[in-house]
Amino acid sequence: MTDLTRRKFTGLAGASLAAAATTPLYAPAVLGQAKAKPKLVVLGGGPGGATVARYVNREAAGAIDVTMIEPTRNYTTCFFSNIYVGGYRSFQSITHNYDKVRKEGVRIVPTRASAIDRDKKQVMVGKQSIPYDRLVMAPGIDLKWDSVPGYSEAASQTMPHAWKPGAQTQLLVRRLNALRDGALIVMVAPPNPYRCPPGPYERISMFAHVLKAKGHKKSKIIIVDYKPGFSKQPLFIEGWERHYPGMIEWQDPKMHGGIKGVNPKTNEVITDLATYKAQLVNVIPAQTAGQIALSANLADKSGFCPIDPANMKSKMDANIFVIGDASIAGEMPKSAFSANSQAKVVAMVVRGELTGAKTFPARYSNTCWSLIETDDNIKIGGAYEAQAGIIKASSTFVSKPGEPADIRKQNYQESVDWYRGIVSDMFG
Ligand SMILES: Cc1cc2nc3c(=O)[nH]c(=O)nc-3n(C[C@H](O)[C@H](O)[C@H](O)COP(=O)(O)OP(=O)(O)OC[C@H]3O[C@@H](n4cnc5c(N)ncnc54)[C@H](O)[C@@H]3O)c2cc1C
């Protein structure tokens, strides 16, 4: 058995051995029938998957058969979930369904894929199989529960992570809104690489906004961080000092001396420096690509999936693309904006490969907006292209400390417009 064959075989380990005898959910073409359309299967219906499914379906105008596998019927966006935490948005306003996507002609399989058979080019959904000519993997992330000693999936019911959307974010908000003045919130912030680099610090800002709006005078927020620094740090620190003086304390590893763990029974966070007994603990563990990408052997030692920067094609398999948070996208951060931008490149490449449509060199872009306080929004972003084997920034921008208030307010409006645009790209 060659290395590659062995890897592919191992990739099937997650599937039952009965997979060999699976029935195709959508039968491939057989001799004598009209020529079958090429098949695109998209795994995951987030900003990566839903965008690529809709774009290929629309732009190929019926020439490609598009199937999207996504178990979630109502997708709540992580992006703008901090805006919900801050009380600026309802939960309903960040929750969407795939009704229009289905009506447009994308076949949606509302189940979790259980394995990928890379040799047979099919995705297993339980005992059934879905054949593909090209597969786009966009499964997002999974959490490494044991990266924080004492933390677990069960512990997330008392110490929410809210780093995957839905019930966890609602739990976090309930806990936040129940706090009385004098409360202590502790966030355990994740090591790199992780979904949404500025996300934890925007969330901290939204915690502070809620406490301040409720008139809290004595409540405190401590961040114990696995990292020595973070995205837009000077801008966040300046904003926290301006809007929430004395409320927020950020501790880098030099200061806390090491995160020893958490105790969900006592609601404690233990570091070398101190043990904090908090009223709300938000643990954001380390992350990997979604489990299905790992069991299909599409990831490397980092836990994420290497890709060709020119087209987001998996370095492990020429028939598979990996986009969004699951991929190693060089200098692009793991964001919904990035996933959506990568999806548009992949939609073009897939049409090129399956129908001969014209393709262009890949160009990617990203902007991450973060709200610090009402109408005080900061942004960072760039344009990216394939250079020297990775996705590299060709230009970048970032907000400046001390900017006029009208610029910050305009940033917020831009972010609202962007949200409207991306959910329209994803859900129609
Ligand atoms: C608090 C927070 C705030 C954020 N704010 C922003 C922001 O302001 N701007 C921004 O651009 N980004 C933001 N992000 C990041 C953004 O949410 C992610 O980068 C984005 O969702 C990644 O998209 P994706 O398509 O790769 O994965 P996801 O959105 O996670 O979608 C993956 C989908 O795959 C499905 N799936 C997984 N496994 C399987 C399987 N086996 N079979 C079938 N389906 C499967 C899942 O159900 C899921 O719906 C934020 C994230 C967080 C946590």
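Counting from 1, residues in each chain are numbered in the order their sequence is written. Given that the model is predicted, a residue must reach a pLDDT of at least 70 before its local features are reported, and side-chain atom pairs must reach 80 or more before they are shown or counted; all residues, however, enter totals for whole chains, interfaces and linings. Remark: hydrogens and water are excluded; side-chain values derive from all non-hydrogen atoms of the structure.

Trainee: Describe the sheet that holds strand β15 (residues 259–263), naming the residues involved and giving the relevant values.
Mentor: The strand order across the open sheet built from 3 strands is β15-β16-β17, with neighbouring strands paired in antiparallel fashion. The open sheet is flanked by β15 and β17 (275–277), the only strands paired with a single partner. Direction aside, the axes of adjacent strands within the sheet are offset by 15 degrees on average. Each pair of strands is called paired provided DSSP finds at least two bridges between the two strands. In this description a helix means any DSSP run of H or I spanning at least four residues, a strand means any run of E spanning at least two, and both kinds are numbered starting from the N terminus. Comment: axis = line fitted to C-alpha atoms, over the contacting stretch for helices; angle = value between 0 and 180 degrees taken between N-to-C directions.

Trainee: Hey, could you go over the site of the ligand for me, with residue numbers and the actual values?
Mentor: The criterion for a residue being near a molecule or strand is simple. One of its heavy atoms has to lie within 4 Å of it. Close to the ligand lie 33 residues, the nearest being Glu-70, Tyr-75, Ala-113, Arg-195 and Asp-325. As used in this structure description, the phrase polar contact means that two N or O atoms lie within 3.5 Å; if the pair is within protein, one of them must be able to donate a hydrogen and the other to accept it, and residues adjacent in sequence are counted only when both atoms belong to side chains. The backbone of Ala-113 places a nitrogen or oxygen atom 2.9 Å from a nitrogen atom of the ligand. Burial of the ligand by the surrounding chains reaches 94%, relative to a free accessible area of 1000 Å². At the level of elements, α3 (81–85) and α10 (336–355) are the ones that each hand at least two residues to the shell around the ligand. There are two domains that each give the shell around the ligand at least three residues, and those are domain 1 (3–142 + 288–360) and domain 2 (150–285). The method behind every accessible area is Shrake-Rupley, applied with a 1.4 Å probe, and residues are considered shielded solely by the protein chains displayed. Note that the domain bounds reflect an automated or database-derived domain assignment.

Trainee: Could you give an account of the side chain of Lys-379, with specific residues and numbers?
Mentor: Looking at the element boundaries, Lys-379 is found in strand β25 (residues 376–387). Side chain to side chain, Lys-379 and Glu-414 meet in a polar contact 3.0 Å long.

Trainee: Break down the sheet that holds strand β13 (residues 220–225) for me, citing the residues and quoting the values.
Mentor: Pairing is parallel in the open sheet, where 4 strands are placed in the order β14-β13-β12-β18. Among the strands making up the open sheet, the edge pair consists of β14 (248–251) and β18 (280–283). Averaged over all pairs of adjacent strands, the angle between their axes in this sheet comes to 15 degrees, without regard to strand direction. Strand direction decides the pairing type here: strand β12 (residues 184–189) and β18, joined by 4 bridges, are parallel. Across the sheet, Met-187 pairs through a bridge with Asn-282, a residue of β18.

Trainee: Please set out the pattern of salt bridges residue by residue, giving values where relevant.
Mentor: We count a salt bridge whenever a side-chain nitrogen from Lys or Arg sits within 4 Å of a carboxyl oxygen from Asp or Glu. This structure, assessed with the given rule, holds 23 salt bridges. The partner of Arg-58 in a salt bridge is Glu-59, with the nearest N and O atoms 3.7 Å apart. Put simply, Glu-403 and Arg-408 hold a salt bridge, and the shortest N to O gap is 2.6 Å. When salt bridges that share partners are traced, they join Glu-238, Arg-242, Asp-376, Glu-403 and Arg-408 into one network.

Trainee: For the side chain of Glu-70, give the residues involved together with the corresponding values.
Mentor: Turning to its location among the elements, Glu-70 is positioned in the loop between β3 (65–69) and β4 (74–76). Burial classification: accessible surface area is computed with a 1.4 Å probe over protein chains only, and a residue below 20% of its type maximum counts as buried, one above 50% as exposed, and the rest as partly exposed. Charged residues are defined narrowly, with Lys and Arg counted positive, Asp and Glu counted negative, and His plus the chain ends left uncounted. Among buried Asp, Glu, Lys and Arg side chains, Glu-70 stands out as unpaired, with Arg-112 the closest opposite charge at 6.3 Å. Looking at Glu-70, its side chain comes within polar contact range of the main-chain nitrogen of Gly-45, at 2.6 Å. Among the polar contacts made by the side chain of Glu-70, one reaches the side chain of Thr-72 at a distance of 2.7 Å. What makes two residues a contact is simply this: any of their non-hydrogen atoms within 4.5 Å. Setting aside chain neighbours within four positions, we find Glu-70 in contact with Gly-44, Gly-45, Gly-46, Tyr-98, Val-109, Pro-110 and Thr-111.

Trainee: Can you tell me about helix α7 (residues 233–243), naming the residues and giving the values?
Mentor: All of the buried residues in α7 are Gln-233, Leu-235, Phe-236, Gly-239, Trp-240 and His-243. The arc that holds the buried residues of α7, viewed along the axis, is 165 degrees, so those residues lie on one side. Exposed residues pointing more than 90 degrees away from the buried face of α7 are listed as Pro-234 and Glu-241. Each direction from the helix axis to a C-beta atom contributes to the arc, which is the arc of those directions.

Trainee: Run through the packing of helix α6 (residues 199–213) against α7, naming residues and quoting values.
Mentor: Where α6 meets α7, the closest approach of the two axes is 11 Å, and the angle between their N-to-C directions is 5 degrees. As judged from the angle between their axes, α6 and α7 are roughly parallel. Taken together, the residues of α7 that come into contact with α6 (itself represented by Tyr-201, Glu-202, Ile-204, Ser-205 and Lys-212) are Phe-236, Trp-240 and His-243. Note on residue classes: Ala, Val, Leu, Ile, Met, Phe, Trp, Tyr, Cys and Pro are nonpolar, Asp, Glu, Lys and Arg are charged, and everything else, Gly too, is polar. Along the lines of polarity and charge, the residues of the contact of α6 with α7 split into 4 nonpolar, 2 polar and 2 charged. Angles are sorted into four bins: roughly parallel if under 35 degrees, roughly antiparallel if over 145, roughly perpendicular if 65 to 115, and oblique for all others.

Trainee: Explain the packing of aromatic side chains residue by residue, including any values.
Mentor: Pairing of aromatic rings covers Phe, Tyr and Trp, the last counted by its six-membered ring, and requires centre-to-centre distances within 6.5 Å; plane angles under 30 degrees mean stacked, over 60 mean edge-to-face, and any other angle means tilted. In total, this model carries 16 aromatic pairs according to the counting rule given. Here Phe-80 and Tyr-419 contribute two aromatic rings whose centre-to-centre distance is 4.5 Å and whose plane-to-plane angle is 20 degrees, an arrangement assigned as stacked. Remark: Tyr-419 occurs in helix α11 (residues 405–427) and Phe-80 occurs in the loop between β4 and α3; sequence separation between them is 339 residues. In terms of burial, Phe-80 and Tyr-419 fall into one category: buried. Taking 6.2 Å as the distance between ring centres and 55 degrees as the angle between the ring planes, the aromatic pair formed by Tyr-201 and Phe-236 counts as tilted. Here Phe-236 lies in helix α7 and Tyr-201 lies in helix α6, a separation of 35 residues in the sequence. Through successive ring pairs, a cluster of aromatic residues spans Phe-79, Phe-80, Phe-337, Trp-369, Trp-418 and Tyr-419. Remark: a charge is flagged as sitting over a ring if the NZ atom of Lys or the CZ atom of Arg is within 6 Å of the ring centre and within 35 degrees of the ring normal. Sitting over the ring of Tyr-55, Arg-58 keeps its end group 4.7 Å from the ring centre. The ring of Phe-304 carries Lys-334 above its face, with NZ or CZ at 4.0 Å from the centroid.

Trainee: Lay out the domain arrangement of the protein with the relevant residues and their values.
Mentor: As a measure of interface size, the accessible area lost when the parts come together is often cited. Segmenting the protein into domains produces domain 1 (3–142 + 288–360) and domain 2 (150–285). Listed by partner, the interface residues are 18 residues for domain 1 and 21 residues for domain 2. The interface formed by domain 1 and domain 2 holds 2 salt bridges in total. Its salt-bridge partner being Asp-142, residue Lys-164 comes within 2.9 Å of it at the nearest N-O pair. Linking domain 1 to domain 2 there are 9 residue pairs in polar contact (both at pLDDT 80 or more). Of all elements in the fold, only α3 and β11 (141–143) reach the threshold of two or more residues within the side of domain 1 that touches domain 2. At 5 residues, α3 tops the list of elements feeding residues into the side of domain 1 that touches domain 2.

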